[in-house]
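Report on the structure
Residue-level listing of the chains:
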Amino acid sequence: MSKLLEKLRQILFLTDFELKKLFRQKQGYAGLIVIVLLVTLCAVGVYLRVYHPPHHPHVPNKFLGQMLKDLVNGVSFSLTVLLPGIYILLPMIIGIFAAGSFASEFQNGQVRTVSLRSVPRLSIVLAKFISLSFYSYVLLAVMLVISYASGAFIFGPTGDILVFGPAFLGKESGIYIMDGSIAYQRLMLAYFFAGYALISVVAMFLMFSAIFKKMTMAVVIPMGIYFTSYIIGALPFMENIQRFLPTRYIMIWKYTLAQDIMWEAMLTDGIFLGLYTVSYLIIAAVIMNTSDL
Amino acid sequence: MSELAIKARGVKKYYGRFAALKGIDLDVKAGVVYGFLGPNGAGKTTLIKILLGLSIPNDGEVEIFGKDLFLERNEILKTVGAVVESPAFFEYMTAYENLYNLTRLSGWISKEKIEETLKLVGLDDVGKKKVGAFSYGMKQRLGIANALLPENRLIFLDEPTNGLDPHGIMGVRQLIKRLCRDSGITVFISSHLLAEIEQVCDYVTIIDKGEKVCEDKVSELVEKQSRIEFKTPDSAKAAEFLKTADVEVIEERKHHDSSVFILKGHETEIPELARKLVASGISILKIARHKDTLEDVFVEITGKTKTDSVSDRF
């Protein structure tokens, strides 16, 4: 029992140390700056689309503008920002930070300095995973707050929202209007599961950091795998391989935007995503344990 | 018999087909400064990493203070510290923060103890400065401070004076001696600097190409290599004399107008030799016991000669 407590204490101290490292580095705030940039550009884009809609030959400008004004608000804007954020931006930021926190510490010798202390190597991997997962949720929370606040300020705080099914749930889904009374709840669920997906990205980058132990390789290789998976996932005639791609389950949060939440699909994807995450961590831990530091 | 701080048996390490360590045995008594000497690439850092559990040997057993390293590493590391290769810290944190966060992983640590240790290594003035602004020498000293905390009984220092200026080198050497003398800390130093080992260490193991070639008390090792040297302006006569005399000439160093002959023999033989030289009409400018340095010992043991070109392995 005391040994277990001792291990928990060590993981707690290591996680605390990792968090201090993340937030003490100025580059730790680079992710926040990029998020602000994304939200700002999206806000300008949506504002122009709503208040200065382009001329459409079959729809009178006045009608389209009124429809968008009615259905775009803080909630829908925040969801709109989440899509590009979770596809590319956040995995990229998280990936670079994960590699920076592990591979570059391997490269510069800090992993050895920490390993000279009375801590199991597995704890080092776990602490990095926990702290980076927390950081992922911090980034998402910042994105949620900024995007909702700016969306609410420009377009209004709440109301019914227009869900473009094809963008979120595939071509077979249609466009529908989500009732404003459930929009907040869906928004929170979407961000929560986006965080769950990002945790898997954290684990993947930690695994590659443990394998390569060099910053450049630990960024380029998993980033390459990640984007290649997206490309293959979007190509026709690749259906048989798509279910095995690590990115296949990253968009788990999209099921929260269906008219009725697709719990069964979420559970399946959630299990696969969890299995991927655990596998990445096991590989990272095994490599860490057997590496010469 | 005093307690052994380190006991290693048959430690082997291979990198592919290259044997970095070929079965090293080591017995390091507690409370001594132990030197580990060898040229670059001899396997010093590899062995230190193995003794700290940073590297996994292909074969062998290691005990630290009687505990099996591979079974009780985490327990052992609560009282063992080290600076291996170069000191690596978190540059965006202060020296104090680095020490606090790292030491906390080994157990409880007080603010006073950290400040005391910073003072001990001469970094008390810069404890609140970020490590990124430190010189290499300051980082080395911070590394030693980190190795000492929380209250370690054994510290490993891998080439501890690398990158230090002469004052820094003197400071570190004095610190090492003081730690051992005043606190009873066992210090295990690896170095390729023979003078450093000679000045600081009580015992030494010499390693070359992954093999232990010698292990002894530094003073005895130097003493064992008894030599007599004499300087004479009559170089040719002396050379002729030595051919017929019952002495072994180790080396002849020729100078502009004289030669120094280094002979095998104890200092008690000096009076007799002096008489014979004078009787043979050889002038003596100087005759004395030749004080071997560890460098001489090292060269002899590892089978090199001083006339060899300067080894690029140093």
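Residues numbered from 1 in each chain as written. Chains lettered and ligands numbered in written order. Predicted model: local features only at pLDDT ≥ 70, side-chain atom pairs only at ≥ 80, totals over all residues. Heavy atoms only, no water.

Turning to the overall build of chain A, a few remarks are in order. Helices and strands together make up the secondary structure of chain A, namely 11 helices and two strands. Against the compact-globule benchmark of 19 Å for 293 residues, chain A has a radius of gyration of 21 Å, which places it among compact chains. Its C-alpha atoms give chain A principal-axis dimensions of roughly 70 × 45 × 40 Å. Counting the 293 residues in chain A, one finds 52% classified as buried. (Helix = DSSP H or I, 4+ residues; strand = E, 2+ residues; numbered from the N terminus. Rg over C-alpha atoms; globule rule 2.2 N^0.38 Å. Buried < 20%, exposed > 50% of the residue type's maximum accessible area, 1.4 Å probe, protein only.)

Glancing now at empty space enclosed by the protein. Tallying each qualifying case throughout the model produces four cavities of 30 Å³ or more. The wall of the largest cavity is formed by 13 residues, among which Thr113 and Leu116 of chain A together with Ala82, Val83 and Ala88 of chain B lie closest to the centre. Residue assignment for the lining of the largest cavity shows that the elements contributing at least two residues are α5 (110–115) of chain A together with β6 (80–83) and α5 (136–148) of chain B. (1 Å grid on protein atoms, 1.4 Å probe; cavity = no way out; pocket = protein on both sides within 12 Å on 5 of 7 lines; lining within 4 Å. Points joined across faces, edges and corners; volume = space filled by probe spheres on them.)

All names here are of chain B. Counting buried residues in strand β11 (residues 227–232) gives five out of six residues, a clear majority hidden from the surface. Here β11 runs beside strand β13 (residues 259–264); their pairing, made up of six bridges, is antiparallel. Within β13, the residue paired with Thr232 across the bridge is Ser259. (Pairing = 2+ DSSP bridges.)

A word on the pattern of salt bridges. By the definition in use, this model includes 28 salt bridges over all chains. Salt bridges here are not isolated pairs; linked through shared partners, they connect Glu6 and Arg9 of chain A together with Glu75 and Lys78 of chain B. (Salt bridge = Lys/Arg side-chain N within 4 Å of Asp/Glu carboxyl O.)

What follows covers the interface of chain A and chain B. A common way to express how large an interface is: the accessible area buried when the components associate. Facing the 30 residues of chain A at the interface are 36 residues of chain B. Both sides together, the interface formed by chain A and chain B hides about 2,900 Å², and carbon and sulfur atoms give 51% of it. At the junction of chain A with chain B, the criterion picks out five salt bridges. The closest approach of N and O atoms between Arg24 of chain A and Glu97 of chain B, which form a salt bridge, is 2.8 Å. Counting across the interface, chain A meets chain B through 19 residue pairs in polar contact (both at pLDDT 80 or more). Listed by contribution, the elements that provide at least two residues to the side of chain A that touches chain B are α1 (2–24), α4 (74–108), α5 and α11 (263–290) of chain A. (Contact = heavy atoms within 4.5 Å. Buried area = accessible area lost by both parts, 1.4 Å probe. Polar contact = N/O pair within 3.5 Å; in protein donor to acceptor, adjacent residues only side chain to side chain.)

With respect to the helices, strands and loops of the structure, Gly171 of chain B is situated in helix α6 (residues 166–183). Residue classification places Gly171 of chain B among the partly exposed residues on the basis of a relative accessible area of 34%.

Another aspect to go through is the state of the cysteines. Residues and elements named next belong to chain B. The tally for this structure, following the rule as stated, stands at zero disulfides over all chains. No disulfide involves Cys214; its sulfur sits 13 Å from the nearest other cysteine sulfur, which is in Cys201. Cys214 gets classed as buried once you look at its relative accessible area, which sits at 12%. (Disulfide = S-S within 2.5 Å.)

Glancing now at a nonpolar patch on the surface. There is a patch of nonpolar side chains on the surface, built from Ile231, Leu235, Met238, Ile241 and Phe244 of chain A and spanning about 460 Å² of accessible area. Within the fold, Phe244 of chain A resides in the loop between α10 (239–242) and α11. (Patch = residues over 30% accessible without salt bridge, like charges linked within 9 Å, V, L, I, M, F, W, Y side chains within 5 Å. Areas by Shrake-Rupley, 256 points an atom, 1.4 Å probe, with all protein chains shown as cover.)

The computed volume of the largest pocket comes to approximately 670 Å³. Around the largest pocket sit 22 residues that line it, and Tyr87, Gly170, Gly233, Gln242 and Lys254 of chain A are the ones nearest its centre. Listed by contribution, the elements that provide at least two residues to the lining of the largest pocket are α4, α7 (165–169) and α9 (215–234) of chain A. Approximately 570 Å³ is the volume found for the second largest pocket. Residue assignment for the lining of the second largest pocket shows that the elements contributing at least two residues are α1 and α6 (121–155) of chain A together with α2 (73–76) of chain B. Grouping the amino acids of the lining of the second largest pocket by side-chain chemistry returns six nonpolar, six polar and eight charged. (Nonpolar A, V, L, I, M, F, W, Y, C, P; charged D, E, K, R; others polar.)

Attention now goes to the confidence of the model for chain B. Here chain B averages 86 in pLDDT, while 92% of its residues score no lower than 70. Predicted complex, confidence summary: ipTM 0.84, pTM 0.85. (pLDDT = per-residue confidence, 0-100.)

Under the counting rule described, the total for this entry stands at 23 aromatic pairs over all chains. Residues Tyr47 of chain A and Tyr51 of chain A carry aromatic rings whose centres are separated by 4.8 Å and whose planes lie at 40° to one another, so their mutual orientation is tilted. With Tyr47 of chain A and Tyr51 of chain A both in helix α2 (residues 30–51) and four residues apart, this pair spans about one turn of that helix. Considering the side-chain rings of Phe192 of chain A and Phe193 of chain A, the 5.3 Å spacing of their centres and the 85° angle between planes classify their relative orientation as edge-to-face. In this structure Phe192 of chain A comes out as partly exposed when scored by relative accessible area, which is 46%. Members of the aromatic cluster, connected to one another through ring pairs, are Tyr34, Phe36, Phe156, Phe188 and Tyr203 of chain B. Over the aromatic face of Phe13 of chain A sits the side chain of Arg104 of chain B, whose NZ or CZ is 4.1 Å from the ring centroid. (Phe/Tyr/Trp six-rings, centres within 6.5 Å; stacked < 30°, edge-to-face > 60°. Lys NZ or Arg CZ within 6 Å of the ring centre and 35° of its normal.)

Time to look at the packing of α4 of chain A against α9 of chain A. Residue and element names in this part refer to chain A. Taken N-terminus to C-terminus, the directions of α4 and α9 make an angle of 155°; their axes are 8 Å apart at the nearest point. Looking at the two axes, α4 sits roughly antiparallel to α9. Classified by chirality, the crossing of α9 by α4 is right-handed. Along its contact with α4, which presents Ile86, Tyr87, Ile88, Pro91, Met92, Ile96, Ala99, Gly100, Ala103, Ser104 and Gln107, the element α9 presents Met215, Ala218, Val219, Met223, Tyr226, Phe227 and Tyr230. (Axes fitted to C-alpha atoms, helices over the stretch in contact; angles between N-to-C directions. Parallel < 35°, antiparallel > 145°, perpendicular 65-115°, else oblique. Left-handed = near helix turned anticlockwise from the far one by under 90°.)

This brings us to the side chain of Ser115 of chain A. Within the secondary structure, Ser115 of chain A is located in helix α5. In this structure the side chain of Ser115 of chain A is engaged in a polar contact, spanning 2.7 Å, whose partner is the backbone oxygen of Val111 of chain A. Among all residues touching Ser115 of chain A, those that are not within four sequence positions of it are Ile124, Met288 and Leu293 of chain A together with Leu54, Arg73 and Leu77 of chain B.

The next point concerns the confidence of the model for chain A. Confidence along chain A averages 88 in pLDDT terms, with 95% of residues attaining 70 or more. Confidence, expressed as mean pLDDT per element, reaches its minimum in chain A at helix α3 (residues 61–71) of chain A with 69 and its maximum at α5 of chain A with 95.

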